[in-house]
Amino acid sequence: MSILNSLSPRALAAPESGIVEVVNYARGREGLLPLWVGEGDLPTPDFINRAAMASLNAGETFYTWQRGIPELRQALADYYGRHFGTSLPMEHFYVVGSGMQAIQLSVQAITSPGDEMVYLSPAWPNIAAALEIAGARSVPVPLQFEHGKWSLDLGRLEAAITPKTKGLFINTPSNPTGWTATHQDLRDILALARKHDLWIMADEIYALYYYAGGRAPSFLDVKEADDKILFVNSFSKNWSMTGWRVGWIVAPAELGQVIENLVQYSTSGVAQFMQKGAVAALNEGDEFVRSNIAKAARSRDILCDALIATNRVHTLKPDGALYSFLKIDGVTDSRKAALDIVDKTSVGLAPGTAFGKGGELFMRACFLRDPAQVADAAERLSRYILSL
């Protein structure tokens, strides 16, 4: 008998990432253009690295604040003041070990085993997996796809709510679809949450990647002080810090001790030198973020224009986030297609099967890369698509 049989059923049920499967299949190939994961092609900028190295050289390698160093929590408060027009004090901000841990801790805070959380699908697969591993049930509500655009059916969202539902997970702008909630969408979702006494877990990691200008609508624009909302976020995308694994939660101040306790019994806090790098990112990084957004906008246009021109791809330019989520005529198995595309074009895409209900026929391409590389990838993909 295998020793696997002695493990927790929840651990055994944790699914393999469909994205990572393709990455592992092709990692390290000559001439590969990797558009499969949600990160850009730039390393972390020097001004962030220097701040972290200065902290290391100063000997800041000891245990530190579980909620995050005060300097970083204040920098987060200032960042939200600049970009979201808020006046939240630092007591609302909690530093954690990645956006993924922000989700995990929020799931632990909101749900108990057997509870349900409703989320909009297709979705980044980690939210459903985090819920299932915690013993809760993830309930997908597919967005509608019509004429290349994604939209929310509020009635379908409300129909998924049951007496076991504890919260709604709302990612906008969306990974992978690019769907971006309007202020009216957010008001409607918030009204549903109030009506059914639910938490909202708001993933607004792509809020600044909004191609209509400015930033995307946020629950911070429409919420009241007593609304039950946890905001989960990460330093990964804005400042090219995917490998740092630093994130944050914005939450009501009265949850502070609960969040601190959950951090203590998971990671016991984020290394202080990493937090000093994050302080520099927030305080000195607005221009770097603007340049990343401008690059994403150029590459979005290059990729989408080329693929749409084949007349074999169903998609439109996304309103937000970093991804083209595309449906190719004749592709009925996106996992098989992703492996075939790697073999025949050396372009890495993520299969839509990885993103759950409603995504099975699609492919995801991350366009936060040098426009010249994206143009190369678009040409390779166009040739492949036209050969089908």
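Bear in mind the structure is a predicted one, so any value in this text is a computation, not a measurement.

Let's talk about the pairing of strand E2 (residues 93-96)
Working step 1: Side chains of E2 alternate between two faces, with Phe93 and Val95 and Tyr94 and Val96 buried alike.
Working step 2: With four bridges joining them, E2 and strand E10 (residues 247-250) adopt antiparallel strand pairing. From the neighbouring strand, valine 96 faces E10, where its bridge partner is glycine 247.

Considerations on the layout of surface pockets
Working step 1: Reported here for the largest pocket is a volume of approximately 900 Å³.
Working step 2: Surrounding the largest pocket, 45 residues form its lining, Ile19, Met100, Trp124, Pro125 and Asn126 being those nearest its centre.
Working step 3: Those elements that provide at least two residues to the lining of the largest pocket are helix H2 (18-26), helix H5 (99-110), helix H6 (126-133) and strand E9 (229-234).
Working step 4: Residue contributions to the lining of the largest pocket peak at five residues, all from H6.
Working step 5: Built from parts of two domains, the lining of the largest pocket gets at least three residues from each of domain 1 (3-44 + 286-387) and domain 2 (46-284).
Working step 6: If you go around the second largest pocket, you meet 19 residues; those closest to its centre are His92, Lys223, Ala225, Asp227 and Pro252.
Working step 7: Per-class residue counts for the lining of the second largest pocket are eleven nonpolar, three polar and five charged.

With respect to the domain arrangement of the protein
Working step 1: Looking at the assigned domains, one finds that the protein contains domain 1 (3-44 + 286-387) and domain 2 (46-284).
Working step 2: Taking only C-alpha atoms, the centre of domain 1 and the centre of domain 2 are 23 Å apart.
Working step 3: Each side of the interface is counted separately: domain 1 has 37 residues, and domain 2 has 45 residues.
Working step 4: Counting each side, the surface lost to burial between domain 1 and domain 2 is near 3,300 Å², with a carbon and sulfur contribution of 59%.
Working step 5: Considering only the side of domain 1, the residues that lose the most area to domain 2 are Thr44, Asp286 and Asp319, jointly responsible for 22% of the buried surface there.
Working step 6: Viewed at the interface, domain 2 and domain 1 are joined by two salt bridges.
Working step 7: Among the salt bridges present, the one from aspartate 319 reaches lysine 149, with a minimum N-O distance of 3.1 Å.
Working step 8: Of all the secondary-structure elements, those providing two or more residues to the side of domain 1 that touches domain 2 are helix H11 (286-308), strand E12 (323-328) and strand E15 (362-366).
Working step 9: Per-element tally for the side of domain 1 that touches domain 2: the top contributor is H11, with eight residues.
Working step 10: Class assignment for the residues of the side of domain 1 that touches domain 2 results in 21 nonpolar, nine polar and seven charged.

About the thresholds
- Residues numbered from 1 in each chain as written.
- Predicted model: local features only at pLDDT ≥ 70, side-chain atom pairs only at ≥ 80, totals over all residues.
- Heavy atoms only, no water.
- Buried < 20%, exposed > 50% of the residue type's maximum accessible area, 1.4 Å probe, protein only.
- Helix = DSSP H or I, 4+ residues; strand = E, 2+ residues; numbered from the N terminus.
- Pairing = 2+ DSSP bridges.
- 1 Å grid on protein atoms, 1.4 Å probe; cavity = no way out; pocket = protein on both sides within 12 Å on 5 of 7 lines; lining within 4 Å.
- Points joined across faces, edges and corners; volume = space filled by probe spheres on them.
- Domains from an automatic or database assignment.
- Nonpolar A, V, L, I, M, F, W, Y, C, P; charged D, E, K, R; others polar.
- Contact = heavy atoms within 4.5 Å.
- Buried area = accessible area lost by both parts, 1.4 Å probe.
- Salt bridge = Lys/Arg side-chain N within 4 Å of Asp/Glu carboxyl O.

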